[in-house]
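Here is how the chains run, residue by residue.
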Amino acid sequence: MQYPLEITFKIWTIAPKITVTDANGNVVFFVKQKLFKLKEAIGVFADEAQTKRLYDIKADRIIDFSARYNFTDSNGAVIGAVKRKGMRSLWKAHYDIFNSVNSDLHIQEENPWVKVLDSLFQEVPILGALSGYVLNPKYLVKRSDGTVVMRLEKQPSLLSRKFIVKPIDQLSPQEETQVLLSLIMMILLERARG
């Protein structure tokens, strides 16, 4: 993939949609969340016309703060998962990324005070609508040993949410897919912020 990747999340649509484009402006992923599902069901496609399904993201349980979201390819083979770290995520967003066996990668919010300020800022009438332009969280993807491998930064925007994904260290192709799908799922779960 040609980095940096840009993730655009439309906030004014009925069904959440995310477009991931590479540095050349080519669509890498188009993500559409299904509405009115008790268990989250998200389709990841190769294009905006949704002609080729690449991956599915499905929750392992009905509406739960600590649900595990499993990733499967177009053949139904499990390629990984992501899970929010329960109570730990109340203060600072924290997600574990799983391969088929264990969790070696983690997503952590860089500065938890942005979440606190965002919550306070949104309560101010009229000005609260500008929180998406003023407060911009950043997330780090780290290995268990603390090595940062990828960074996700929210960009200032009013009518949509834009994020930039930059690699920091080497990842295998499978790890790269797991990380990108995990970041997409995290954006969907954290979408009310910033």
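Residues numbered from 1 in each chain as written. Predicted model: local features only at pLDDT ≥ 70, side-chain atom pairs only at ≥ 80, totals over all residues. Heavy atoms only, no water.

*Asks:* Just give me the short version of the pairing of strand β11 (residues 148–155), but keep the residues and values in it.
*Replies:* Summarising burial for β11: 6 of the 8 residues are buried, a large majority. Where strand β10 (residues 138–143) folds back on β11, the antiparallel hairpin that results is connected by 4 residues, among which G146 adopts a positive phi of roughly 95°. (Buried < 20%, exposed > 50% of the residue type's maximum accessible area, 1.4 Å probe, protein only. Helix = DSSP H or I, 4+ residues; strand = E, 2+ residues; numbered from the N terminus. Pairing = 2+ DSSP bridges.)

*Asks:* Run through the packing of aromatic side chains, naming residues and quoting values.
*Replies:* Scanning all chains against the criterion turns up 1 aromatic pair. Aromatic pair F29 and Y55: ring centres 6.0 Å apart, planes at 75°, arrangement edge-to-face. You can see F29 sitting in strand β3 (residues 27–33) and its partner Y55 sitting in strand β5 (residues 53–59), a full 26 residues away along the chain. The burial state of F29 is the same as that of Y55; both residues are buried. Lying over the aromatic face of F98, R68 brings its terminal NZ or CZ to 4.3 Å of the ring centre. (Phe/Tyr/Trp six-rings, centres within 6.5 Å; stacked < 30°, edge-to-face > 60°. Lys NZ or Arg CZ within 6 Å of the ring centre and 35° of its normal.)

*Asks:* Break down the environment of E48 for me, with residues and values.
*Replies:* Here E48 shows up in the loop between β4 (41–45) and β5. Among the residues examined, E48 registers a relative accessible area of 48% and is labelled partly exposed. Sequence-wise, E48 and I18 are 30 residues apart; in three dimensions their C-alpha atoms are separated by 9.5 Å. Among residues more than four places away in sequence, those in contact with E48 are T19, V27 and F30. (Contact = heavy atoms within 4.5 Å.)

*Asks:* Give a description of the pattern of salt bridges that names residues and reports values.
*Replies:* Tallied over the entire structure, the rule returns 7 salt bridges. Between R53 and D56 there is a salt bridge, and its shortest N-O distance comes to 2.4 Å. Owing to a relative accessible area of 14%, D56 belongs among the buried residues under this scheme. When the shortest N-O distance is used, the salt bridge between K85 and D96 registers 3.3 Å. Residue K85 is located in the loop between β7 (78–84) and α1 (88–91), and its partner D96 is located in strand β8 (residues 94–98); the two are separated by 11 residues in the primary sequence. With relative accessibility at 32%, the residue K85 sits in the partly exposed group. According to the relative accessible area criterion, D96 is buried, its value standing at 9%. Three or more residues joined by partner-sharing salt bridges are found here, namely D104, R143 and E175. (Salt bridge = Lys/Arg side-chain N within 4 Å of Asp/Glu carboxyl O.)

*Asks:* Account for the side chain of D96, naming residues and giving values.
*Replies:* A polar side-chain atom of D96 sits 3.3 Å from a polar atom in the side chain of K85. A polar atom in the side chain of D96 sits 2.6 Å from the side chain of H106. Excluding its chain neighbours within four sequence positions, the residues that come into contact with D96 are A81, V82, K83, K85, S103, L105 and H106. (Polar contact = N/O pair within 3.5 Å; in protein donor to acceptor, adjacent residues only side chain to side chain.)

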